[in-house]
Amino acid sequence: MIKSKILLIFLSTIGLIACTNSSSESYKNQKDKEAINKSSIDSASAIYRQFFFTGTHNSYAGNLDGMKREGIATQLNSGLRFFEFDLFSYHTDIKLQKSTTGLSDNYLLIEQQDKLYLLTHSTENKTLIVQKINDGNLSFISEISLLTSTPKRFTTLTHQGKTYVLSHDIINGKLSVYLFDSQSLSLISEEDIFVAPTKLNTFVFKNKAYISIRNNDELTYQIYKLSFTGETPLLENKVYETTLASSTQVLEVFPQNEKLYIFKSNPNNIALYTTDVLLTNTTTWQVTESILGSSNLLRGEIGLVHKGDKTYINSYTTNGDVLGNRLVIDQAKPNLIHEYSATNTMLTGAKSSLFPTDQGYYLLLKKDNEIQLSKIIIGDMFLGHDAPGDEVDLSVDNPNSIRLEDWITYMATWSNKNPKHEPLFIMTELKMYKQWLVDAKWQNIIKLMKEKFGDKLRFHNSSGFQTETIVDKNKIVDGKTKYFGDKNTHNGLLGKVILYIQPNNKITKSEETNNFKPFETTNGILQENFLQLKRYRENNKLVSPDWRKPERYGNDIGYYIDRKDDSYISRIFHMQSALGDAQYKNIRCTNVMFAVSDRPYDKGAYQQYITEQKQKNSLTKIAGCQ
């Protein structure tokens, strides 16, 4: 990756023809020039004027490291029309990090109506305390005094629109159920089940609730059905029981695609795992198939959590490394896909707990009296160069956010206020290729752009957009698209927004995707989507010389491009001139359309180059062009 500190120039040509026989003579009077200007609104017959656009690489980086790019507001108002955003599909949002003074044996996270609560249990003080988490602080909500000081295990259950907290006593086997309504925690039922738990979990499968009870002393794992009389859950029959391989074995049930599975890690070799398929249409559930798998993504302390049909497996090591993975049943086989890498400093040497949420999961780390709660957001789009938030300048006139949606909302508002603006070119580069595989997250970019720009949105022609089902094929533009449109309809590109999505080039390599079937690669194409654009010599040539060293390419740019596969040239948008591609045989006679630089406001060679290009825009003869 070319670092943003390096000056870049992106050059291209859009619908122009200054170097042809019909435009090679100097214009002798202002009347002739006025006639040319008037004719330029009709792309079917016009001799085009040149258009010179500027923009930035890493458009979010502002003035960091002295780059003097200013913010997105200044860029738009100063005439910049090319914007580039590096994107990550995950982010670590630290919700709570502090030292606790009270004595707590258990921590339980409760999410209700987008609000977060922390339940703490103290055996010494015999209390259950609920506190609200807001902006990194805790505020008291509710407290319950308990009759005994025996240790307990806790879990939550959300069912039929209500939130329950289940407490299971390790000594006497009593199961207590509390109802939580965001203001208080109230006991609604108790019953003796005489099973000593080490860990509790709940899940909902086909609209029915279940509780799993793990006992490390007896090496058993049991699942019971929960029935509801009114709002009171009652324990019914045991539907499944198995024996643990050891007290350190990870064993969790998860639903997916209307089926139920059990994930088991191998305590002797953590990289090995087994996925059991459960038969659930009988009174007692049975394992019908056990599928062995292996992955180097499993390391350290392993935890599993699920919400709906999404199953996440988190790996946490004592040095604070955190990896988030999705377990996807694909073609009846389990696939472990890397979706997340921690982007903040994580607490080291701690015990980890996972809790579900719609956007990923929560990771709670506890070490002595230190706790750290992070929201692992997966699937949303975040700006950043080497990591989410990296090199994003929030001190200039940029949105005070690293979410792509907030930036696109700002640009859409600006576009609505300036309806006849030159087309905005928005390029998004997908960072960390593996994290884009599950759920085809690039579709989230398309959906966001469609939502914000509506009918203004256009798509730069590529294999990806041509085969993407959610793209309107009538809105794909290419080298033959007329800049001003037809003389009658004038439905050209003014006021439009052109999107181009570029993946990391590894996203197209089958050996990197593990032949994950929904995204199986063939000939370097990922599900026929978003081919790494190295075909810059097909249909139209897209380049002009480097402004700093225009002699670098000479008259033959093809050889240089073929050798430079990682060239930023592949990102340039090109609109063809009315007479086709013949003018590009001699690159020196190409009309430069727009340049992109990291320093659009600097004085010096770059500004001198802009001046030279604007002189060409006057349609004067260019030396050497026939």
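Residues numbered from 1 in each chain as written. Predicted model: local features only at pLDDT ≥ 70, side-chain atom pairs only at ≥ 80, totals over all residues. Heavy atoms only, no water.

### Some details on the confidence of the model for the protein
- Of all residues in the protein, 68% have pLDDT values of 70 or greater, and the mean over the chain is 76.
- In this model residues 520–601 is a low-confidence stretch, pLDDT under 50, and it forms 263 contacts with partners more than four residues away in sequence or in other chains.
- Per-residue pLDDT stays below 50 along residues 619–626; that stretch engages in 21 contacts with residues further than four places along the chain or on separate chains. (pLDDT = per-residue confidence, 0-100. Contact = heavy atoms within 4.5 Å.)

### A few points about the packing of aromatic side chains
- Tallying each qualifying case throughout the model produces ten aromatic pairs.
- A ring pair is formed by Y210 and W285, whose centres lie 5.1 Å apart and whose planes are at 55°; its orientation type is tilted. Of this pair, Y210 sits in strand β12 (residues 208–215) while W285 sits in the loop between β17 (269–279) and β18 (286–294), and the two are 75 residues apart along the sequence.
- A connected cluster of aromatic rings, assembled from ring pairs, spans F88, Y90 and Y340. (Phe/Tyr/Trp six-rings, centres within 6.5 Å; stacked < 30°, edge-to-face > 60°. Helix = DSSP H or I, 4+ residues; strand = E, 2+ residues; numbered from the N terminus.)

### Observations regarding the pattern of salt bridges
- What the rule picks out here adds up to 18 salt bridges.
- As a salt-bridge pair, D276 and K264 come within 2.8 Å of each other at their nearest N and O atoms. Here D276 is found in strand β17, whereas its partner K264 is found in strand β16 (residues 259–266), with twelve residues between them in sequence. The same class applies to D276 as to K264, namely buried.
- The partner of R403 in a salt bridge is D406, with the nearest N and O atoms 3.4 Å apart.
- Here the salt bridges share partners, and the residues they tie into one network are D380, R403, E405, D406, E451 and K452. (Salt bridge = Lys/Arg side-chain N within 4 Å of Asp/Glu carboxyl O. Buried < 20%, exposed > 50% of the residue type's maximum accessible area, 1.4 Å probe, protein only.)

### Details of the environment of Q256
- Structurally, Q256 is set in strand β15 (residues 251–256).
- The residues touching Q256, leaving out its near neighbours within four places in the chain, are Y261, D309, T311, L327, V328 and I329.
- Reaching out from Q256, the side chain makes a polar contact with the backbone oxygen of L327 at a distance of 3.1 Å. (Polar contact = N/O pair within 3.5 Å; in protein donor to acceptor, adjacent residues only side chain to side chain.)

### Observations concerning the sheet that holds strand β14 (residues 232–243)
- Taken together, the four strands give an open sheet; going across it, the order is β11-β12-β13-β14, and neighbouring strands pair in antiparallel fashion. Either end of the sheet is taken by a strand with one partner, and the two such strands are β11 (199–205) and β14. With direction set aside, neighbouring strand axes in the sheet form an average angle of 25°.
- Both β11 and β12 contribute to a ladder of seven bridges, which runs antiparallel. Each bridged residue has a counterpart across the sheet, and for L200 the counterpart in β12 is I213. (Pairing = 2+ DSSP bridges. Axes fitted to C-alpha atoms, helices over the stretch in contact; angles between N-to-C directions.)

### Side note on the pairing of β15
- β15 sits mainly inside the fold: six of its six residues count as buried.
- By the alternation rule, side chains of β15 split into L251, V253 and P255 and E252, F254 and Q256, which are all buried.
- Bridge count between β15 and β16: six bridges; the pairing is antiparallel. Across the sheet, residue E252 finds its bridge partner in β16, namely F263.

### Brief notes about the packing of helix α3 (residues 404–417) against helix α4 (residues 442–453)
- Interhelical geometry of α3 versus α4 gives an angle of 30° and a closest axis separation of 9 Å. Viewed along their axes, α3 and α4 adopt a mutual orientation that is roughly parallel. The handedness of the crossing between α3 and α4 is right-handed. For the pair α3 and α4, contact is made by L404, E405, I408, T409, M411 and A412 and by L448, M449, K452 and F453, respectively.
- Residues of the contact of α3 with α4, tallied by class, amount to seven nonpolar, one polar and two charged. (Parallel < 35°, antiparallel > 145°, perpendicular 65-115°, else oblique. Left-handed = near helix turned anticlockwise from the far one by under 90°. Nonpolar A, V, L, I, M, F, W, Y, C, P; charged D, E, K, R; others polar.)

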